[in-house]
Amino acid sequence: MTNQRSPRPSEVLAEVEIGLLQRALLEWGGPARCGDEMAVALGFSGFTDLLGRSDELRALMAEDAPIPGADWARILLASEIVFISDLSGSGVDWSVTTGLTDEATVVMFRSVQRKLAPVVRAYYGRRPQ
């Protein structure tokens, strides 16, 4: 499944929303840990790939480079899971490790989800590949 649209972060998200996604991806290299199975479900080949690709995706966002729909789907899904899951992600430690309250994070995530919907629509219910 492919999505032809590869928008730059600044074309779809506010700066604070881009920062949220970058910070969320950074959590995978810190307090958040998951098994290879979860990483594959998020669209990566395993946990090592999740770590490496998270660094690459954060750099693309920092450079405001075009990002393909499948990578936007990976970014969004990995960010959602790292925020909410206490088993695989940062979960209850999110506010401690990021400095962002749960309430503010939920509001930002809802905005990000709405803005990215046209870009990731092809991946609803599917693993980004």
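Residues numbered from 1 in each chain as written. Predicted model: local features only at pLDDT ≥ 70, side-chain atom pairs only at ≥ 80, totals over all residues. Heavy atoms only, no water.

Caption draft 1: Focus on the overall build of the chain. From N to C terminus, the chain includes 7 helices and 0 strands. Walking the chain from its N terminus toward its C terminus, one meets helices and strands in the order α-α-α-α-α-α-α. Here the chain has a C-alpha radius of gyration of 13 Å; the compact-globule value for 129 residues is 14 Å, and the two agree. Considered along the principal axes of its C-alpha atoms, the chain spans approximately 35 × 30 × 25 Å. Among the 129 residues that make up the chain, the fraction classed as buried is 44%. Taking all contacts inside the chain whose residues are at least 6 apart in sequence as the whole, residues at least 24 apart take part in 72%. As displayed, the chain has an accessible area near 6,400 Å², and 54% of this comes from carbon and sulfur atoms. Here the chain holds 13 positive side-chain charges and 17 negative ones, and the gap between their average locations is 7 Å. (Helix = DSSP H or I, 4+ residues; strand = E, 2+ residues; numbered from the N terminus. Rg over C-alpha atoms; globule rule 2.2 N^0.38 Å. Buried < 20%, exposed > 50% of the residue type's maximum accessible area, 1.4 Å probe, protein only. Contact = heavy atoms within 4.5 Å. Areas by Shrake-Rupley, 256 points an atom, 1.4 Å probe, with all protein chains shown as cover. Lys, Arg positive; Asp, Glu negative; His and termini not counted. Charge placed at Lys NZ, Arg CZ, Asp CG, Glu CD.)

Caption draft 2: Region of the structure containing the environment of Y123. Along the chain, Y123 falls in the segment after α7 (102-120). Between the C-alpha atoms of Y123 and A70, which are 53 residues apart in sequence, the distance is 7.3 Å.

Caption draft 3: Region of interest: the nonpolar core. Grouped together as the largest cluster of nonpolar side chains are 34 residues, with contacts concentrated most on L13, L21, W28, L50, M61, W72 and I75. Among the elements of the structure, α2 (15-27), α4 (47-63), α5 (69-84) and α7 are those that each provide at least two residues to this core. Of all the elements, α5 adds the most residues to this core, at 8 residues. Not counting residues within four places of it along the chain, the set of residues in contact with I75 comprises L21, L25, L57, M61 and I67. (Core = buried A, V, L, I, M, F, W, Y, C linked by side-chain atoms within 4.5 Å.)

Caption draft 4: Fine view of the packing of α2 against α5. Where α2 contacts α5, the axes come no closer than 9 Å and their chain directions differ by 65°. As far as their axial angle goes, α5 and α2 are roughly perpendicular. In terms of crossing hand, the pair formed by α2 and α5 is left-handed. The segment α2 lies against α5, with L21, A24, L25 and E27 engaging W72, I75, A78, S79 and V82. Of the residues belonging to the contact of α2 with α5, the class tally is 7 nonpolar, 1 polar and 1 charged. (Axes fitted to C-alpha atoms, helices over the stretch in contact; angles between N-to-C directions. Parallel < 35°, antiparallel > 145°, perpendicular 65-115°, else oblique. Left-handed = near helix turned anticlockwise from the far one by under 90°. Nonpolar A, V, L, I, M, F, W, Y, C, P; charged D, E, K, R; others polar.)

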